[in-house]
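Residues per chain, in single letters:
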Amino acid sequence: MIIGVPKEIKNHEYRVGMTPASVRELIAHKHSVVVETNAGMGIGFTDEDYIEAGAKVLNTAAEVFAQAEMIIKVKEPLAVERAMLREGQILFTYLHLAPDLAQTEDLIKSKSICIAYETVTDAKGGLPLLAPMSEVAGRMSIQAGARALEKSSGGSGMLLGGVPGVKPAKVVVIGGGMVGTNAAQMAVGLGADVTVLDRSVEVLRRINVQFNGAVKAVYSTVDALEQEVLAADLVIGGVLVPGAAAPKLVTADHIKRMKPGSAIVDVAIDQGGCIATSKPTTHADPIFIVDDVVHYCVANMPGAVPRTSTFALNNATLPFIVRIANKGYKQALLEDSHLMNGLNVINGQVTNLSVSEALGFDFVDPKVALNA
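Residues numbered from 1 in each chain as written. Predicted model: local features only at pLDDT ≥ 70, side-chain atom pairs only at ≥ 80, totals over all residues. Heavy atoms only, no water.

Caption draft 1: Inspection of the sheet that holds strand β10 (residues 234–237) at higher detail. Read from one edge of the open sheet, 7 strands run β9-β8-β7-β10-β11-β13-β12, paired in mixed fashion. On the outer flanks of this sheet lie β9 (216–219) and β12 (287–290), each paired with one strand and no other. Strand-to-strand twist across the sheet, computed as the mean angle between neighbouring axes with direction ignored, equals 20°. Bridge count between β10 and strand β11 (residues 263–266): 4 bridges; the pairing is parallel. Bridge assignment links Leu 234 to a residue of β11, and that residue is Ala 263. Along the sheet face, helix α8 (residues 201–210) touches β8 (193–198) and β9 and points at about 170° away from the line of β9. (Pairing = 2+ DSSP bridges. Helix = DSSP H or I, 4+ residues; strand = E, 2+ residues; numbered from the N terminus. Axes fitted to C-alpha atoms, helices over the stretch in contact; angles between N-to-C directions. Contact = heavy atoms within 4.5 Å.)

Caption draft 2: Up close: unusual backbone geometry. Non-glycine residue Lys 30 carries a positive phi angle of around 70°. Topologically, Lys 30 is positioned in the loop between α1 (20–28) and β2 (32–36). If you check the backbone angles, His 96 has positive phi at about 50° while not being a glycine. Summarising the element assignment, His 96 is placed in the loop between β5 (90–93) and α5 (101–110). By relative accessible area, which is 7% here, His 96 ends up buried. (Buried < 20%, exposed > 50% of the residue type's maximum accessible area, 1.4 Å probe, protein only.)

Caption draft 3: How the structure looks around the side chain of Ser 262. Relative to the elements of secondary structure, Ser 262 occurs in the loop between α10 (252–257) and β11. In terms of polar contacts, Ser 262 uses its side chain to reach the backbone carbonyl oxygen of Lys 259, at 2.6 Å. Apart from residues lying up to four places away in sequence, Ser 262 is in contact with Leu 149, Ala 232, Asp 233, Asp 292, Val 293 and Val 294. (Polar contact = N/O pair within 3.5 Å; in protein donor to acceptor, adjacent residues only side chain to side chain.)

Caption draft 4: Focus on helix α9 (residues 222–231). Looking at α9, one finds that the buried residues are Ala 224, Leu 225, Glu 228 and Val 229. The arc that holds the buried residues of α9, viewed along the axis, is 120°, so those residues lie on one side. Where the residues of α9 are buried, they touch β7 (170–174), β8, β9, β10 and α10. (Arc of directions from axis to C-beta.)

Caption draft 5: A look at the nonpolar core. Membership of the largest hydrophobic core comes to 76 residues, with the highest contact counts inside it found for Leu 26, Phe 92, Ile 115, Val 171, Leu 234 and Ile 236. Ranked by residue count, the leading element in this core is helix α11 (residues 306–327), at 8 residues. Apart from the residues lying within four places of it in its own chain, the contact partners of Leu 26 are Ile 3, Met 18, His 31, Val 33, Leu 318, Ile 321, Val 322 and Ala 325. (Core = buried A, V, L, I, M, F, W, Y, C linked by side-chain atoms within 4.5 Å.)

Caption draft 6: Region of the structure containing the packing of aromatic side chains. Counting across every chain of the model gives 4 aromatic pairs. By the ring-pair criterion, three or more aromatic residues cluster together here, those being Phe 45, Tyr 50 and Phe 311. The ring of Phe 45 has Arg 307 lying over it, and the distance from NZ or CZ to the ring centre is 5.3 Å. The ring of Phe 320 has Arg 323 sitting right over it, with the charged end atom 4.9 Å from the ring centre. (Phe/Tyr/Trp six-rings, centres within 6.5 Å; stacked < 30°, edge-to-face > 60°. Lys NZ or Arg CZ within 6 Å of the ring centre and 35° of its normal.)

By themselves, these figures tell us nothing about what the structure is for.
Laid out in structure tokens, this is it:
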């Protein structure tokens, strides 16, 4: 199979779909790899590094898309990239389709085979290709929140951990999954007063044991969420419904009643955000203020630490890339129900139930679509 790796073009996105080491692995399996020039420059990999690994370097994304049978990316394809997709071509990347009608329509029109990292599952019920970026984003959310609380950002001027004699900031994390756990870990490490809200008693038990009581684990009801959010200095939105649009748990009324100068980091913004007042921002212009509350809603947070993020992502995606290349997408999907869960669009049909419900498209069972 010919695998293509274009350069990412989203605002301040420096990650790359495959490292030279990953390329070398595909070459060892007798496949070919074409890489757009300077694709890895943002994390210190030169074209020569890719050539030494066995790849062919091409001058433009158009050449990569034209030659490749499978495209490996990090972020969802932008409109100019979607226009280059063709029928029968495999796209393997993060998609986050539920809040993105335009992208979904374009992928349907392309009749390509679109497999989303974020809906691939594992035997434990986890999301193995989303997990590494959730770890990064969860940890980064506290860094971003700390900056948002600084006066120069419009925040209250509060240090997360306080100092002796001065209270630390109150950090409220909504969701105790991968994002929330990593956010809590960082916030506790900085000395903040941390509360995690979740609707799973098992998750709350795990949080309590993991942090040995240093994090308050609270069952999330409408009342509890309101009380915690209104008392918070920093709110981290880490709610995930796999493949679906995030529920708006923090309302516009909550925002109006929060403390002036408090801050929100909506890590769920890729799936539409779990804060009613959120809107996607970029690393170039990451924050905005609503009702005196600082909002940080960057849709590709891990892109700010692209080297760490790329290696973490490649560790997770490479086995799947090799499997698809070795067996072909149809056999690879039919043999692995967890990879099958990653199939979102194929041959003009939507095969992810959450995406179909969110955007109003007819749902087609992925096995039926594969065998059509």
